[in-house]
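A structural walkthrough
One-letter residues, chain by chain:
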Amino acid sequence: MRRVSEPPLLILGCGFTGAAAARLARGAGREVRATLRHDDGADRLRAMGVAVSVTASLDPDDVRRLVGEGADVLVCFPPDGATDARVAPAVRAARAVAYVSTTGVYGERTGRIDGATPVDPSTEKARARLDAEARWRDEGAVVLRAAGIYGPWRGLHRRLLRGDFRAPGDGSRVVSRVHVDDLAAVALGALANAPKGGAWPLADATPVPQGEVIAWLCARLGLPLPPSVPLDEAPETLRHDRSVDPTDALRAAGVALRFPSYREGFEHCLAVESAG
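Residues numbered from 1 in each chain as written. Predicted model: local features only at pLDDT ≥ 70, side-chain atom pairs only at ≥ 80, totals over all residues. Heavy atoms only, no water.

**As for helix 1 (residues 16-27)**
This is how the line gets drawn: Where helices and strands are cited, they refer to DSSP runs of H or I of at least four residues and of E of at least two residues respectively, numbered from the N terminus. Here the expected span of a helix is defined as 1.5 Å times the quantity of residues minus one. The classification of residues rests on relative accessible area computed with a 1.4 Å probe and restricted to protein chains. Under 20% of the type maximum is buried, over 50% is exposed, and intermediate values are partly exposed.
Look at helix 1: 17 Å from first C-alpha to last across 12 residues, which is about the 16 Å you get at 1.5 Å a residue. For helix 1, every residue scored as buried is listed here: T17, G18, A19, A20, A21, A22 and A25. Trailing helix 1 by a residue or two, G29 shows a phi angle of about 80 degrees, which is positive.

Listed below in structure tokens is the structure:
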């Protein structure tokens with residue numbers, strides 16, 4: 001990871017993933033600037049020492065000012081059909097750019113997903129993401145296609161605790177996931193090391209059937225197994241059946257996973273939440 005003398009980090013759309021990246025960067029003594037669309041989370045970021053700009057709509061001139069003379073830029077906001085095209089050219093003075101995308105760009109593909117797997121633009125959501133990726137890759141951005149992101153206070157464990165989760169089908173389908181701290185670390189590593197314009201999927205190293213994770217969490221939390229629903233009634237993100245291989249992303253970023261499986265990841269979440 002870069003040292004104190006490295007350029008500032010600018011996070012556009014500093015939500016769940018961006019805040020994790022900000023914590024890592026600030027922990028290394030790095031200057032961090034961030035944008036938010038709402039005040040939610042701004043005080044927490046400022047308490048870390050992050051310079052926060054709250055704006056409902058990103059302005060290219062403001063982005064150029066925040067980039068300055070060679071900041072690194074991490075883009076975390078979802079596509080809205082307009083902002084990416086308007087703002088991406090404003091980061092041309094950046095030293096490096098990384099864009100957090102989603103494995104949703106693989107559409108209906110099943111089985112193993114790695115850096116050589118073709119995308120599937122057959123759905124509207126996939127097309128929107130791929131268009132946003134293209135806008136940022138035109139500016140040299142590295143793209144990380146994240147599987148389901150979870151972490152303290154957010155993820156399957158929280159839904160089980162709330163009692164609002166319904167297991168998809170018979171639980172045999174594989175749903176890959178990545179801990180938010182690993183995603184943040186890989187993003188920072190990609191800014192430092194990855195070749196410009198690359199795009200790779202990212203998840204933990206242990207894809208397993210969803211039913212295994214549900215059973216493990218319920219045993220760990222002392223909860224009954226949740227009821228199931230027919231697959232076509234489950235959320236779209238839980239219907240996929242694919243094993244995401246993170247090898248290419250990790251190699252490009254020069255980073256190892258801190259949470260290689262759901263076990264380490266959810267244990268960390270529960271420890272953080274227990275500590276308050």
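**Description of the sheet that holds strand 2 (residues 32-36)**
Condition: Two strands form a pair only when DSSP identifies at least two bridges running between them. Axis definition: a line fitted to C-alpha atoms, over the contacting stretch in the case of helices. Angles run 0 to 180 degrees between N-to-C directions. Pairs of residues are marked as contacts when any of their non-hydrogen atoms sit within 4.5 Å.
With parallel pairing, the seven strands of this open sheet are ordered in space as 3-2-1-4-5-7-11. Pairing within the sheet leaves two strands with one partner each, and these edge strands are strand 3 (51-54) and strand 11 (199-202). Taken pair by pair, the neighbouring strands of this sheet meet at an average axis angle of 20 degrees, ignoring direction. With four bridges connecting them, strand 4 (residues 72-75) and strand 5 (residues 96-102) associate as parallel partners. Bridge pairing in strand 5 places L74 opposite A98. Helix 5 (residues 124-137) contacts strand 1 (9-12), strand 4, strand 5, strand 7 (142-146) and strand 11 of the sheet and is inclined by roughly 175 degrees relative to strand 5.

**Section: the side chain of S261**
Selection rule: Pairing of N or O atoms within 3.5 Å defines a polar contact, subject to two protein rules: one partner must be a possible hydrogen donor and the other a possible acceptor, and residues neighboring in sequence count only if both atoms are side-chain atoms.
The residue S261 is located in the loop between helix 9 (247-253) and helix 10 (262-274) in this model. The class for S261 is buried, based on a relative accessible area of 6%. A distance of 2.4 Å separates polar atoms of two side chains, one belonging to S261 and the other to E264. Contact partners of S261, with chain neighbours within four places excluded, come to Y150, D204 and T206.

**Digging into the pairing of strand 4**
Residues D72 and L74 line one face of strand 4 and the alternating positions V73 and V75 line the opposite face, and both faces are buried. Pairing between strand 1 and strand 4: four bridges, direction parallel. In the strand pairing of strand 4, L10 is matched with V73.

**Examining the pattern of salt bridges**
Rules: Counted as salt bridges are all cases of a side-chain nitrogen of Lys or Arg within 4 Å of a carboxyl oxygen of Asp or Glu.
This structure, assessed with the given rule, holds 20 salt bridges. R33 serves as the salt-bridge partner of E31, at 2.9 Å between the closest nitrogen and oxygen. Taking the shortest distance from any N to any O, the salt bridge between E133 and R145 comes out at 2.7 Å. Placement of the pair is E133 in helix 5 and R145 in strand 7, with a sequence separation of 12 residues. Across the pair, exposure class does not vary: E133 and R145 are buried alike.

**What about the pairing of strand 2?**
Basically, it comes down to this: Crossovers are marked right-handed if the path from the first strand over the helix to the second runs clockwise, as seen with the strands pointing away from the viewer.
Most of strand 2 is tucked away, with five of its five residues classed as buried. For the crossover from strand 1 across helix 1 to strand 2, the handedness is right-handed. Here four bridges tie strand 2 to strand 3, and the two strands are oriented parallel to one another. Bridge pairing in strand 3 places L36 opposite V54.

**Remarks on the environment of H240**
In this structure, H240 sits in the loop between strand 12 (228-229) and strand 13 (242-244). Each C-alpha atom, one on H240 and one on Y106, is 10.0 Å from the other, the two residues being 134 residues apart in sequence. Not counting residues within four places of it along the chain, the set of residues in contact with H240 comprises G107, R173, V174 and V175.

**Description of the nonpolar core**
We count it as follows: Residue types Ala, Val, Leu, Ile, Met, Phe, Trp, Tyr and Cys, when buried and joined through side-chain atoms within 4.5 Å, form a set referred to as a nonpolar core.
Judged by nonpolar contacts, the single largest core of 41 residues is most densely connected at L9, I11, L45, V50 and L74. Discounting residues that sit within four places of it in the chain, V50 has contacts with A22, R26, V32, R33, A34 and L45. By size, the runner-up hydrophobic cluster in this structure holds 21 residues, among which are L12, W136, A141 and A199.

**Things to note about the environment of R239**
Along the chain, the position of R239 falls in the loop between strand 12 and strand 13. Each C-alpha atom, one on R239 and one on A47, is 39 Å from the other, the two residues being 192 residues apart in sequence. Reaching out from R239, the side chain makes a polar contact with the backbone oxygen of L231 at a distance of 3.5 Å.

**Looking at the environment of V87**
Checked against the element boundaries, V87 lands in helix 4 (residues 83-87). If we ignore the near neighbours within four places in the chain, the residues touching V87 are L12, L58, V63 and W136.

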